[in-house]
Amino acid sequence: MTPTVRASLTGAFLGSLAVAATLALLVLLGVVPQTGYVASWKAIAGGGWGTAAVFGGALFLLIGTLWGLPFAWVPRPTIPKAWLWALVPTAWALVGWPLVLGNPPLAGGDPKGLVLTFLMNVGIWGTVLGAYARRPALAAR
């Protein structure tokens, strides 16, 4: 595995972990009723909250890590380039995945859902991905 691929996967994993932790904190603070990965697991596989949190969370981390893999081939990666790349999983989260689940796209028009999706995917995940992916590029200079 090349240093660039390793850095992109590490950044995507840590970014996904930061998003999952932030979402869990928002649930604890009562800002959102449940995380998206818990709701998705319950919708697809059923089960209780604990099962959905563990397995849905693990799958969320895996999928978030895999979303970062194509970013390894971006020339001279930067945080702003990662923000642009993060718009792809954001579009999936706002349009593709809701349609798969039979839910309305674009968070059903809810401003809080739209802002949180952009903040989590672009603001947190994209920033961490870009910060890690650019490290090998800086070392190669």
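Reading guide: rules and limits
Residues numbered from 1 in each chain as written. Predicted model: local features only at pLDDT ≥ 70, side-chain atom pairs only at ≥ 80, totals over all residues. Heavy atoms only, no water. Helix = DSSP H or I, 4+ residues; strand = E, 2+ residues; numbered from the N terminus. Expected span 1.5 Å × (residues − 1). Buried < 20%, exposed > 50% of the residue type's maximum accessible area, 1.4 Å probe, protein only. Polar contact = N/O pair within 3.5 Å; in protein donor to acceptor, adjacent residues only side chain to side chain. pLDDT = per-residue confidence, 0-100. Phe/Tyr/Trp six-rings, centres within 6.5 Å; stacked < 30°, edge-to-face > 60°.

A.B. asks: Mind laying out helix α4 (residues 79-101), listing which residues take part and the relevant values?
C.D. replies: In a regular helix each residue adds 1.5 Å, so 23 residues correspond to 33 Å; α4 covers 31 Å between its end C-alpha atoms and thus fits that length. Regarding α4, the residues found buried are A82, A86, P89, T90, L94, G96 and P98. The N-capping residue of α4, defined by a side-chain oxygen 3.2 Å from the backbone nitrogen of K81, is T78. Two residues or fewer after α4 comes G102, characterised by a positive phi angle close to 80 degrees.

A.B. asks: Give me the lowdown on the confidence of the model for the protein chain, citing residues and values where you can.
C.D. replies: Residues of the protein chain with pLDDT of at least 70 account for 96%, and the chain-wide mean is 88. Of all the helices and strands in the protein chain, helix α2 (residues 36-45) carries the lowest mean pLDDT, 84, while helix α1 (residues 3-28) carries the highest, 93.

A.B. asks: Quick rundown of the packing of aromatic side chains? Include the residues and the values.
C.D. replies: Going through the model one piece at a time under the given rule, you end up with four aromatic pairs. With 5.1 Å between their ring centres and 35 degrees between their planes, Y37 and F60 make a pair best called tilted. Of the two residues, Y37 is situated in helix α2 and F60 in helix α3 (residues 49-68); the sequence distance between them amounts to 23 residues. A relative accessible area of 12% places Y37 in the buried class. With a relative accessible area of 25%, F60 lands in the partly exposed category.

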